[in-house]
Amino acid sequence: MKRRKAGTRIFLVVFAALVFLVFNTQLVLAQDASLPVGAIDFLGNDSINKEELLKQMNSKPPGLKEKLFFWTKKEPFSIYTLEEDLLRLRKHYQQNGFLDPTITYTLITRRKRQNIKINIKEAKAFHVGQLRFSYPNQVLFQGVIDSLRNEIPLKEKLRFRDEDVMATEKMIQSAFNEMGYPYVRIEKDIQLRPFLSLADVQFAITPGNKSYFGTLRLSGQSNIPNAYILKHLKLKEGDVFSQKGLEDTQEELFDLGLFSYVTIRALMDSVKNNRIPVEIQLKELPRWSVRAGLGYGTEDKVRVSLLLKRLSFLGGARSVILKGQTSYFKPLALDLKFIQPDIWIKNLDFILNPYFSREREESYTVDRLGSAISFQKEVSPRSSAYFSYAYGQDQVDLNSEGLVESGLSYEELNPIKSGITIGYNINTSNQLFAPTKGVKSSLMASYMGIGFNSQYHYYKLLAEVSCYHSLKEDFVLAGKLKGGLMKATQGDVLTPIEDRFLMGGAMSLRGWGRNQISPLSDDDIKIGGNSMLEASAELRFPIYTIFSGTAFLDLGNTWTNSFDFNLRDLNYDVGLGLRINTPVGPIRADVATPVFDNKF
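Bear in mind that the values here come from a model prediction, so they are computed numbers and not experimental data.

Description of the overall build of the chain
Here comes step 1: Counting secondary structure elements, the chain contains eight helices and 24 strands.
Here comes step 2: Counting every position in the chain, which comprises 600 residues, the buried fraction comes to 38%.
Here comes step 3: The contacts in the chain between residues at least 6 apart in sequence include a share of 57% that link residues at least 24 apart.
Here comes step 4: With an accessible surface of roughly 34,900 Å², the chain has 57% of that area assigned to carbon and sulfur atoms.

Right, here's the structure in full:
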């Protein structure tokens, strides 16, 4: 019996050792540092969504890039990183009103990945109890505090969050700064009532003395007159101090395009008689600048451009810009602009623009020679309006005698044009080349046939709007709508062929070649349309580092007659594109094919 009991004990010990060994072996395998992180799931996170919790963690599940480029090396799982992540998650919950959360995890190895399941018991959240403000002058500041109560994120009965407390403090300070109290002091006191799960918050505000802008000191400029700079300041000596005034002034001066940097500093330590001096340091751009460009496109082949700019032309803030370019479809284009800013009033620019260009189309070649006088007014930082008068002659050489319409001779196709154009532009997008949000829109109306033996009489309207909307994981949805029309007036039958609408190509319907969508003459020659409608939708998505892609749909058409927008007669194409973001600008390649026309 004793031997059996001893044998039983030995068996149990060995069995327990094996179980312990197997268990620990599985645990080690489950925490194998060579495995990449797989899925991360949360259970019990009723109040804070998964995306917000993942932002607090260094352990990350594979994203779209990792899934697409599955052969690249992945970040290995680390138990130490995960433990630190749990501490950050706990702190994040505490900052969001859950003072005693319980957070645990379970590791699951599946398909050579370390999946993580995080279990959360949020416990009861604290809410904002009494919200009080104390300040010395009830009559002077009561209105400010009352308005702040409606704007601040910290409100009674809402869940208590550290972020809301800090944002409220910042908004109080900003409100008093804009009233001329830059030395305001704010002390906050938070008292917890655990049995009621409430947090009472009190802000003690000491405004200090009301302050004003003092002496304005300009330094760093040599060619730009002080009077011109002072005209564009959003503040002046004696105004009530405002941080927004400093920021707006810096943006205004930088947007003039005359300075490489603008620094504005309020000398808070040099205040005298409640007046704060302001130091404005400027560094002018070089008076001469040259910019060259070289590109290639499948349509216009090699493109070369050269831009020469001269600042402080004839003194002051005037400038001259000379631009030349050449490509297959535009063998030569010269454009000279003389710009006189603030000609009569602030932000009203006068522009003199002589030009020459030779343009090559399938049906004709045109030499344009003329000049325009424009007045451009900045309506807001995001919008501008302009008025322009242009006079010139367009010499047209038709490539087929079949294009001589209504008995016109070649000489009669070299008309003098004289007319006006008005327009309005709005741009709220956040980037120049690849916007992720905002709107771009433009409106233009032209009338040709005003005096000076102008041979053509017609008007032309053009409107365009583009919208950008950010989606998850850096995906962007972009859309464009464009429409235009022309109509002859004063008894004219025809509009000039060189100004009509053509469609197709890299910047239009990408399933067709450049300007291949057009009404045809009786000899099947493209003659352009007097009405056009175009739209597109794009889904832009990241691929890897500087590479991104797009999937798009284009639609549109041109029609012979004015106001002839036939929505049943539209051309469609779909395609894919690749974008490469380089320091000098984006490289783009699109492949598209017409659809809904027996072509797939």
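Structural notes on the packing of aromatic side chains
Here comes step 1: Evaluation of the coordinates by the stated rule reveals 15 aromatic pairs.
Here comes step 2: With centroids separated by 5.7 Å and ring planes inclined at 15°, the aromatic side chains of Phe-133 and Phe-203 adopt a geometry described as stacked. On the criterion of sequence distance, the pair formed by Phe-133 in strand β4 (residues 127-134) and Phe-203 in strand β6 (residues 198-206) is long-range, its members being 70 residues apart.
Here comes step 3: A residue is classified by how much of its surface remains accessible, and Phe-203, at 0% relative accessible area, is buried.
Here comes step 4: Through successive ring pairs, a cluster of aromatic residues spans Phe-141, Phe-176 and Tyr-181.
Here comes step 5: A cation over an aromatic ring shows up here: Arg-510 above the ring of Phe-552, its NZ or CZ 3.7 Å from the ring centre.
Here comes step 6: In this structure, Arg-514 is placed above the aromatic ring of Phe-329, and the distance from its NZ or CZ to the ring centre is 4.0 Å.

So, the nonpolar core
Here comes step 1: Phe-133, Ile-172, Phe-176, Phe-203 and Ile-205 are the most contacted members of the largest nonpolar core, which totals 22 residues.
Here comes step 2: Sequence-distant contacts of Ile-172, that is, excluding residues within four places in its chain, are made with Phe-133, Leu-148, Ile-186, Phe-203 and Ile-205.

Describing the sheet that holds strand β8 (residues 259-266)
Here comes step 1: Pairing is mixed across the open sheet formed by three strands, whose spatial order is β7-β9-β8. Taken across any chain shown, the strands that pair with only one partner, and hence form the sheet edges, are β7 (212-219) and β8. Neighbour-to-neighbour, the strand axes of this sheet turn through a mean angle of 20°, independent of strand direction.
Here comes step 2: Judged from the six bridges that link them, β7 and strand β9 (residues 275-284) form a sheet pairing that is parallel. Bridge pairing in β9 links Tyr-212 to Arg-275.
Here comes step 3: Relative to the sheet, helix α8 (residues 243-254) contacts β7, β8 and β9, its axis offset from that of β8 by approximately 165°.

Some points on helix α4 (residues 79-95)
Here comes step 1: Over its 17 residues, α4 runs 24 Å from end to end, which matches the ideal 24 Å to within 8%, given 1.5 Å per residue.
Here comes step 2: Elements that come into contact with the buried residues of α4 comprise β1 (37-43), α2 (50-55), β2 (102-110) and β3 (113-121).
Here comes step 3: Backbone nitrogen of Tyr-80 and a side-chain oxygen of the N-cap are separated by 3.4 Å at the start of α4; the cap is Ser-78.
Here comes step 4: Two residues or fewer after α4 comes Gly-97, characterised by a positive phi angle close to 95°.

Let's talk about unusual backbone geometry
With the exception of glycine, the majority of residues adopt a negative phi angle, and the majority of peptide bonds are in the trans configuration.
Here comes step 1: Of note in this structure, Asn-273 is not a glycine but carries a positive phi near 55°.
Here comes step 2: One can find Asn-273 in the loop between β8 and β9.
Here comes step 3: Overall, Asn-273 belongs to the exposed group, its relative accessible area being 74%.
Here comes step 4: Located in the positive-phi region is Asn-274, a residue other than glycine, with phi close to 60°.

Digging into the pattern of salt bridges
Here comes step 1: For the structure shown, the criterion picks out 27 salt bridges.
Here comes step 2: Its salt-bridge partner being Glu-359, residue Arg-368 comes within 3.1 Å of it at the nearest N-O pair. Each of the two residues, Arg-368 as well as Glu-359, counts as buried.
Here comes step 3: The salt bridge involving Arg-368 is made with Asp-394; its shortest N-O contact spans 2.9 Å. Placement of the pair is Arg-368 in strand β15 (residues 364-380) and Asp-394 in strand β16 (residues 383-398), with a sequence separation of 26 residues.
Here comes step 4: Connected via shared salt-bridge partners are Arg-510, Glu-538, Arg-540, Asp-554, Arg-579, Arg-588 and Asp-590.

Looking at the sheet that holds β1
Here comes step 1: Spatially, β1-β3-β2 is the arrangement adopted by the three strands of the open sheet, whose pairing is mixed. In this open sheet, the two strands that pair with only one neighbour each are β1 and β2. Taking each pair of neighbouring strands and ignoring which way they run, the sheet shows an average axis angle of 20°.
Here comes step 2: Relative to the sheet, α4 contacts β1, β2 and β3, its axis offset from that of β2 by approximately 145°.

Remarks on the confidence of the model for the chain
Here comes step 1: For the chain, the average pLDDT comes to 88, and 90% of its residues sit at 70 or higher.
Here comes step 2: Below a pLDDT of 50 lies the segment residues 19-32, which in the model reaches twelve contacts outside its immediate sequence neighbourhood of four places, other chains included.
Here comes step 3: Under a pLDDT of 50 for its full length, residues 406-410 has, in the predicted model, nine contacts with residues more than four places off or in other chains.

Structural notes on the side chain of Lys-480
Here comes step 1: Note on placement: Lys-480 falls in strand β20 (residues 476-488).
Here comes step 2: Among the polar contacts listed, one links the side chain of Lys-480 to the side chain of Glu-534, at a separation of 2.9 Å.
Here comes step 3: Contact partners of Lys-480, with chain neighbours within four places excluded, come to Glu-464, Val-465, Ser-466, Met-507, Glu-534, Ala-535 and Ser-536.

A short note on the environment of Tyr-228
Here comes step 1: Position of Tyr-228 relative to the elements: it lies in helix α7 (residues 226-231).
Here comes step 2: When the C-alpha atoms of Tyr-228 and Pro-341 are compared, they prove to be 9.5 Å apart, with 113 residues separating the residues in sequence.
Here comes step 3: Residues contacting Tyr-228, with those up to four places away along its chain left out, are Leu-256, Leu-258, Ala-317, Pro-341 and Asp-342.

Thoughts on a nonpolar patch on the surface
Here comes step 1: Among the surface-exposed residues, Trp-288, Val-290, Leu-306, Leu-308, Leu-322 and Leu-336 lie close enough to one another that they form a single nonpolar patch of about 560 Å² accessible area.
Here comes step 2: Broken down by secondary-structure element, the contributors of at least two residues to the nonpolar patch are β10 (288-297) and β11 (301-311).
Here comes step 3: As for its placement among the helices and strands, Leu-336 is situated in strand β13 (residues 332-340).

Let's talk about the environment of Ile-145
Here comes step 1: In this structure, Ile-145 sits in helix α5 (residues 138-151).
Here comes step 2: For Ile-145, a relative accessible area of 1% corresponds to the buried category.
Here comes step 3: Each C-alpha atom, one on Ile-145 and one on Ile-172, is 8.2 Å from the other, the two residues being 27 residues apart in sequence.
Here comes step 4: Aside from chain neighbours lying at most four places away, what touches Ile-145 is Phe-133, Tyr-135, Phe-176 and Ile-205.

Comments concerning the side chain of Asn-177
Here comes step 1: The residue Asn-177 is located in helix α6 (residues 162-178) in this model.
Here comes step 2: When near neighbours in sequence (up to four residues on either side) are disregarded, Asn-177 contacts Pro-182, Val-184, Phe-241 and Ser-242.

About the thresholds
Residues numbered from 1 in each chain as written. Predicted model: local features only at pLDDT ≥ 70, side-chain atom pairs only at ≥ 80, totals over all residues. Heavy atoms only, no water. Helix = DSSP H or I, 4+ residues; strand = E, 2+ residues; numbered from the N terminus. Buried < 20%, exposed > 50% of the residue type's maximum accessible area, 1.4 Å probe, protein only. Contact = heavy atoms within 4.5 Å. Areas by Shrake-Rupley, 256 points an atom, 1.4 Å probe, with all protein chains shown as cover. Phe/Tyr/Trp six-rings, centres within 6.5 Å; stacked < 30°, edge-to-face > 60°. Lys NZ or Arg CZ within 6 Å of the ring centre and 35° of its normal. Core = buried A, V, L, I, M, F, W, Y, C linked by side-chain atoms within 4.5 Å. Pairing = 2+ DSSP bridges. Axes fitted to C-alpha atoms, helices over the stretch in contact; angles between N-to-C directions. Expected span 1.5 Å × (residues − 1). Polar contact = N/O pair within 3.5 Å; in protein donor to acceptor, adjacent residues only side chain to side chain. Salt bridge = Lys/Arg side-chain N within 4 Å of Asp/Glu carboxyl O. pLDDT = per-residue confidence, 0-100. Patch = residues over 30% accessible without salt bridge, like charges linked within 9 Å, V, L, I, M, F, W, Y side chains within 5 Å.

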